[in-house]
Amino acid sequence: MDSNNWLTQLLMLGVGTTSIVAEKIKEVSDELVKDGKLNPDQAKVVMDDLVHKLKSEQGNFESNMQRQMRNLLQDIGVPRQAEMDELRGRIDRLERQVRDLENKLWR
């Protein structure tokens, strides 16, 4: 299973959940306005506040998931991109040195 695909699906699930919750909050606030328990201005303020909190929590969820994924990958020994880039550079330098030595030998 592709780990990027899995992570993307998990994050999209969080976005979808936030969207559904925001819709339900709007429905409840509309019902409270209709029943006369809230005036429209109050309902808008309450709804905006709750949606803002949901979105900020979603950001926290995403950053926590990314941190946990990095930790998991590190724990199982998957190298970071910077480490891979460093190793590729070292391999390139070693290959160049080998070619130079081979060229000197054949002269």
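None of the values given here were measured: they were computed from a predicted structure. All residue numbers refer to position in the chain's written sequence, counted from 1. Since the coordinates come from a predicted model, pLDDT governs what is reported: local features require at least 70, and pairs of side-chain atoms require 80 or more to be given and counted, while whole-chain, interface and lining totals use all residues. By convention in this description, side-chain values take in all heavy atoms of the structure and omit both hydrogens and water.

Observations concerning the overall build of the protein chain
Stage number 1. By the criteria applied, helices consist of DSSP H or I runs no shorter than four residues and strands consist of E runs no shorter than two, each listed in order from the N terminus. On a plain count of helices and strands, the protein chain comes out with three helices and zero strands.
Stage number 2. Counting across all 107 residues of the protein chain, residues that qualify as buried make up 12%.
Stage number 3. Computed with a 1.4 Å probe, the accessible areas rest on the Shrake-Rupley method; for each residue, only the protein chains presented here act as cover. Roughly 9,100 Å² of accessible area belongs to the protein chain as shown, and the carbon and sulfur atoms make up 56% of that amount. When a residue's accessible area, from a 1.4 Å probe over protein chains only, is under 20% of the maximum for its type it is buried; when over 50% it is exposed; and in between it is partly exposed.

Considering the pattern of salt bridges
Stage number 1. The term salt bridge refers to a pairing of a side-chain nitrogen on Lys or Arg with a carboxyl oxygen on Asp or Glu at a separation within 4 Å. Taken as a whole, this structure holds two salt bridges when the rule is applied.
Stage number 2. Arg-80 serves as the salt-bridge partner of Glu-83, at 3.6 Å between the closest nitrogen and oxygen.
Stage number 3. Residue classification places Glu-83 among the partly exposed positions, given a relative accessible area of 33%.
Stage number 4. Arg-88 is paired through a salt bridge with Asp-85; the nearest N and O atoms lie 3.4 Å apart. One end of the pair is Arg-88 and the other is Asp-85, both in helix α3 (residues 81-105) and three residues apart, which spans about a single turn.
Stage number 5. Here Arg-88 falls in the partly exposed class, since its relative accessible area comes to 45%.

With respect to the environment of Glu-31
Stage number 1. On the secondary structure map, Glu-31 appears in helix α1 (residues 3-34).
Stage number 2. For the pair Glu-31 and Ala-43, spaced twelve residues apart in the sequence, the C-alpha separation amounts to 9.8 Å.

Brief notes about a positive patch on the surface
Stage number 1. A cluster of basic side chains, namely Arg-90, Arg-93, Arg-96 and Arg-99, defines a positive patch on the protein surface.
Stage number 2. On the secondary structure map, Arg-96 appears in helix α3. Only residues whose relative accessible area exceeds 30% and that form no salt bridge enter a patch; like-charged residues are grouped when within 9 Å of one another, and nonpolar side chains (Val, Leu, Ile, Met, Phe, Trp, Tyr) when within 5 Å. Counting rule applied: Lys, Arg positive; Asp, Glu negative; His and chain ends not counted. Charged groups are reduced to one reference atom each: NZ for lysine, CZ for arginine, CG for aspartic acid, CD for glutamic acid.

Digging into the confidence of the model for the protein chain
Low pLDDT means the predicted atomic positions in that stretch should not be read closely.
Stage number 1. Each residue carries a pLDDT score, the predictor's confidence in it, ranging from 0 to 100. Overall, the prediction assigns the protein chain a mean pLDDT of 79, with 80% of residues at 70 or greater.
Stage number 2. By mean pLDDT, the top-scoring element of the protein chain is α3 (95), and the lowest-scoring one is α1 (69).

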